[in-house]
Every structure is written in C-alpha cells, then in structure tokens.
Amino acid sequence: MDGLGDLLRGIRADGALFDRRLLPPEASAEVASGAPLTLYTVIRGSGRLVPDGGPALPLRPGDTALVRGCPPVTFVADAQPDRDASPKPNRDTDATTELLSGAYRAHADIGRRLPAALPQALLVPDDEGCDAVLGFVSAEVAADKPGQQFVLDRLLDWMLVCTLRAWFDRPEAQPPAWYLALADPVVGAALRAVHDAPARPWTIAALAAEAGVSRTSLAERFTTRVGKPPLTYLTEWRMALAADLLTERDATVAAVARRVGYADPFAFSTAFKRVRGLSPTAYRSTRAA
C-alpha cells in the first residue's frame, strides 16, 4: 500500500462525463460540469480556466487543472493560442483551442478521503509526457464506438491518477498528515498494517509489534506524526471504508460491519454514528437521495 493508492482506494468512474470544446481565439465558455470532481486538459491551443472565487489557472497543451466541488467555471481561450507546443496538428483551424474535461458524476465515484486532501482548484503542468495518451482520449471522446463509456471511465481514472501523482510531488501540495507519516519507518509500518487489514482486531500491542517498537513509543510517535492516537485513527479509517461500502446496493449493515472489523452490528452502528454523525441506515438513505 502507498499513500496515493490509499487516497484513491474505492475510486472508480462509472458513467464518467466527458466534454470536448473547440474555441476560437478570445472566446469564452461556461465549462462547469456540476460534478464533485472535474479535470480540465488543453489538448491544443492555450487559455485560462477561471473557477468562481479562485485565481485563473493558465493552461497550455498537456496541462491539467482539477476543480473540486461544483463552482461556476469559465474557460477563456487566448488571443494567440500556443500552437508550437500542441501534441498534434490542428484538425480544425490553426487558431482553435481544444479543451477536454472529464468529470466524476457522483460523490460515490470519488471516495471519501480524497476531497479533503485537495484544494478547491489545482494545476499540474505537463511534466509527465502524457501528450500521446491525451490525444487518444480526445479522439475517443469525439468518436462513437461500441463500449465507449467503459473506455472513457477507465481513461478518466487514468487521468486522475496521473494528475494526482504529479500534484503530490509538487512543493505547494499539502497532503494530509497520515499521507506524510507513511515515510516514517515506525508510523508508516503501523499505518500500512491498518490500511491493508482494517478488519483485524488491532490493539496498540499488535500495531507496536508490526512497527517493532514498544506500545508507548508507537502511541507517542503515531500521535505526533498523524495528529491522533492509533486506535482513534483506526476507527476513523474503518468508518471511512464503511461509508463507501454502504453505498453498495446489496450490502447490509451487518455485512459492512464484518468487513470493517465489527462482529456486532450494533457496536458498529454506535461507532459509525459517533464518527459520521448519522446511523448507517440514515447515512445510506442520505447518499441514495
């Protein structure tokens, strides 16, 4: 398990919403998807993405902006688009800017931990050398082929992973404390144990054995690095997983309880309500609505 992998745990696009815009110089367009997480990439040309209430994000070919939440978003094409950096010849006019957006259509698609780890808007320059693949994404969006939605779903997942991997390597990124704590040899060992097997009946002693230190040493170091004691973190992580599992149509509360380490569904319900503020049944009804 790695930090990014766990932030992305449970994320899988289903019915991804893609949009392809071709804009002449200085043209603007409302491009908000109304989805909780949207990626915007310029395939050719250049322009500025302007989320409501935030600074403009300049986009050149291959750059990707990620916008969290559902603010109004406008894209403004440059007067002189950057054509030299375009990954492929312009198919329309030399001055056209092509903007591609991909959106996760529901909160269930983007997990529970990821949004809290991101700013409302972020920009990742094209440092990954992904131009060839982005050209394929653009062509797939413009086409009408059998199985297209399945292909687009997986392409959106790829775009998200590629973007976040680059973002968390940047100095301005502010990942959550537990993400950074994975680099600590002691705390990281305990975190990996919890994340890899959340249903195990973990105790401080068991986690300390995984880390190869005393219980006192683990408790102090874990609390300092992560900001909360190990068993508090374990409970919150189990409830985050449970929140995802409760969105599955056929999962019962008892089954979810077992999958996150609770033999007694009543004890699970009590813990879930304490952490999430709603009972599992009420939470499920709210998510369905």
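Starting from 1, residues in each chain are numbered consecutively following that chain's sequence as written. Totals for whole chains, interfaces and linings use every residue, but because this is a predicted model, local features are given only for residues with pLDDT of at least 70 and side-chain atom pairs only at 80 or more, for both listing and counting. Side-chain figures throughout are based on the complete set of non-hydrogen atoms in the structure, without hydrogens or water.

**Q** Whenever I open this one, the nonpolar core confuses me. Can you help?
**A** Across soluble globular proteins, nonpolar side chains have a tendency to be buried as a group. Nine residue types can take part in a nonpolar core, namely buried Ala, Val, Leu, Ile, Met, Phe, Trp, Tyr and Cys, and a core is a set of them joined through side-chain atoms within 4.5 Å. We call a residue buried when its accessible area falls under 20% of the maximum for its residue type, exposed when it is over 50%, and partly exposed in between, using a 1.4 Å probe and counting protein chains only. Residues Leu160, Phe168 and Phe268 are the most contacted members of the largest nonpolar core, which totals 69 residues. Whether two residues are in contact is decided by their heavy atoms: any pair within 4.5 Å suffices. Once residues lying within four places of it in the same chain are set aside, the contact partners of Leu160 are Leu8, Ile11, Leu37, Leu39, Leu66, Tyr104 and Leu114. Core analysis: the second largest hydrophobic core is formed by 16 residues, Leu23, Ala27, Val73 and Phe75 among them.

**Q** Teacher, can you tell me more about the sheet that holds strand E6 (residues 64-68) here?
**A** Two modes of strand pairing occur in sheets, parallel and antiparallel, and in both the strands are linked by backbone hydrogen bonds. Spatially, 5 strands are ordered E1-E8-E3-E6-E9 in an open sheet, and the strand pairing comes out antiparallel. With partners counted over all chains shown, the strands left at the sheet margins are strand E1 (17-23) and strand E9 (121-124), one partner each. Averaged over all pairs of adjacent strands, the angle between their axes in this sheet comes to 20°, without regard to strand direction. With 7 bridges joining them, strand E3 (residues 37-44) and strand E8 (residues 97-104) adopt antiparallel strand pairing. Its bridge partner lying in E8, Val42 is registered against Leu99. Two strands pair under a simple rule: DSSP has to find at least two bridges between them. The way it works is that DSSP assigns letters per residue, a run of H or I at least four long becomes a helix, a run of E at least two long becomes a strand, and they are numbered from the N terminus. The angle between two axes is taken between their N-to-C directions and runs from 0 to 180 degrees, where each axis is a line fitted to C-alpha atoms and a helix contributes only its stretch in contact.

**Q** Honestly, the sheet that holds strand E4 (residues 47-51) in this entry has me stumped. Any pointers?
**A** With respect to topology, 4 strands assemble into an open sheet ordered E2-E7-E4-E5, the strand pairing being antiparallel. Because the sheet does not close on itself, it has two edges, and the strands there are strand E2 (28-30) and strand E5 (57-59). Strand-to-strand, the axes of this sheet are offset by a mean angle of 20°, without reference to chain direction. Where E2 lies against strand E7 (residues 73-77), 3 bridges are found, and the strand directions are antiparallel. Within E7, the position partnered with Glu30 by the bridge is Thr74.

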